[in-house]
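# Survey of secondary and tertiary structure
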Amino acid sequence: MALASRARALLPGARSWGAVLARVTAQRAMSHRVVVETDAAAGVAVMKFRNPPVNSLSLEMVTELVINLEKLENDKTVRGLIFTSESPGVFSSGLNLLDMYGRNPAHYAEYWKAVQELWLRLYQCPMVTVATINGACPAGGCLISMTCDYRVMADNPKYTIGLNETQLGIVAPFWFKDTLVNTIGYRASEISLQLGLLYPPAEALRVGIVDKVVPEDQVHSAALAVMAQWLAIPDHARQLTKAMLRKPTVDNLVRQRDADIQQFVSFISRDSIQKGLQMYLQMLKQKKA
Ligand SMILES: CCCCCCC/C=C/C(=O)SCCNC(=O)CCNC(=O)[C@H](O)C(C)(C)COP(=O)(O)OP(=O)(O)OC[C@H]1O[C@@H](n2cnc3c(N)ncnc32)[C@H](O)[C@@H]1OP(=O)(O)O
C-alpha cells in the first residue's frame, strides 16, 4: 500500500489527504519519536526509539514506526534494520497504557488498528531485522523484538523481557501468543504467557526468547556482527524462506483483523479492565515515589 493510503488507513479521523499530511507533519514537527540512521555503504539502517520517558508505543509512536518502516522498505539500498532504544535502560515499555485507558471506543479502535499494522509490517519485513535490547522490554516491547529475525540482549540483570499482560489483568491477543509460540515453543509459552513472566537476560537466553546475551557495552557491535552474518545470505532466498515460515501466522490475523479490533474494543472498554489498568498505573506511580 502506498504511503498516502497507509497514512489514511492509520489516521481515519483525517478527512482528506491534505489533512493526513498536515497531521503527520505536525506530529513529526512536534517530535521525532523514531530516529533512523542509515549506513548506505553497509546497507544497514538503525531505528532508534526516542519516546521519553519509557518508549511506550503510543499511537503517534506506532504511526511513526510504520511510516519509517515503509520508507526503508522502499529504499532498495537498505537490506538490514536494527532496532534499539536511543537511551539505554528501557528498550520499550510496551503499548501505551494511556491509549488503552480512559479513552473512547473510536480511539481504542484506531489505536488497535495501528498496532496490528505495525506487527503485520514488522513480521513480514523483507529486510533482515535485529533487535538490540538495551533495556527493559515488557509486553508490546517484547512483541516488537520477537518480530525480528534475531535478538541480542544486554547482560544487565535489571533488564527483563517477556509478555507480562496477565500481570496487568489483561489477555495478550492470539497473534501475540502466536508470535511467542513461534519463538519459544508451545510448552514454554504455556508457562510464560499464563504467568506473565519477565525474564532477566540469562533466563531469557535459556528459554530462547533472546538469541544472544552480551556485555552491555558490546550490544551494538554484537548486533552488527549478527547482521553481517545474515546479510551474507542472498536476499531473495532468505526473504522467500522468511515469508514461507511466517505466512500462516500473518494470514491468521489478516483473516480476522476487524473481529480482532472489535474484540479489543469491547474487552478494553470493560469497567473491570479499566479499573485494573487504573490500579496498574497507580502502582507504577507509587513505585516511582
Ligand atoms: C483482546 C485484547 C486485550 C488487550 C491486549 C493488550 C496487550 C497489551 C500489551 C502491552 O504492551 S501493555 C503495557 C505493558 N507494559 C508494562 O507493563 C510496563 C510498565 N512499565 C514498567 O514496568 C516500567 O515503567 C519500566 C518500563 C520497567 C521502566 O521503569 P522506570 O522506573 O524507568 O520508569 P517508571 O517510573 O516506571 O515510568 C515512568 C513513567 O512512564 C509511565 N509508564 C511506564 N510504562 C508505561 C506504559 N506502558 N504506557 C504508558 N505509560 C507508562 C509510568 O507510569 C511513569 O509515569 P509518571 O509517573 O511519570 O507519570
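Report on the accompanying structure. Since the structure is predicted, the reported quantities are computational estimates derived from the model, not experimental observations.

Scoring rules and cut-offs
- Residues numbered from 1 in each chain as written.
- Predicted model: local features only at pLDDT ≥ 70, side-chain atom pairs only at ≥ 80, totals over all residues.
- Buried ≥ 20, exposed ≤ 12 C-beta atoms within 10 Å, placed from the backbone.
- Helix = DSSP H or I, 4+ residues; strand = E, 2+ residues; numbered from the N terminus.
- Arc of directions from axis to C-beta.
- Contact = placed C-beta atoms within 7 Å.
- Pairing = 2+ DSSP bridges.
- Axes fitted to C-alpha atoms, helices over the stretch in contact; angles between N-to-C directions.
- Core = buried A, V, L, I, M, F, W, Y, C linked by C-beta atoms within 7 Å.

Taken as a whole, helix 6 (residues 174–184) has its buried residues at Trp175, Thr179, Leu180, Thr183 and Ile184. Buried residues of helix 6 fall within an arc of 155° about the axis and therefore sit on the same side. The inward-facing, buried residues of helix 6 contact helix 4 (105–123), helix 5 (139–147), helix 7 (186–195), helix 8 (201–207) and helix 10 (235–255). Positive backbone phi, at 95°, marks glycine 185, one or two positions downstream of helix 6.

As a further point, take the sheet that holds strand 3 (residues 80–85). The sheet built from 6 strands is open, its strands ordered 1-2-3-5-7-9 with mixed pairing. Either end of the sheet is taken by a strand with one partner, and the two such strands are strand 1 (34–39) and strand 9 (212–214). The average undirected angle you get between the axes of adjacent strands in this sheet is 20°. Here strand 5 (residues 128–133) runs beside strand 7 (residues 150–154); their pairing, made up of 4 bridges, is parallel. Of the residues in strand 7, the one forming a bridge with isoleucine 133 is methionine 153. Contacts between helix 3 (residues 59–74) and the sheet are confined to strand 1, strand 2 (44–49) and strand 3, with strand 1 contributing the most and set at about 15° to the helix.

A few words on the nonpolar core. Core analysis: the largest hydrophobic core is formed by 67 residues, its most contacted members being Val62, Val130, Ile133, Met153 and Ile161. Looking at this core, the element that brings in the most residues is helix 4, giving 9 residues. Among all residues touching valine 130, those that are not within four sequence positions of it are Ile82, Cys148, Asp149, Tyr150, Val152, Ala223, Val226 and Met227.

Our next topic: the environment of arginine 257. Within the element layout of this structure, arginine 257 appears in helix 11 (residues 257–268). Under the C-beta neighbour-count criterion, arginine 257 is labelled partly exposed, with 15 such atoms within 10 Å. Along the sequence, arginine 257 and tryptophan 112 sit 145 residues apart, while their C-alpha atoms lie 9.8 Å from each other.

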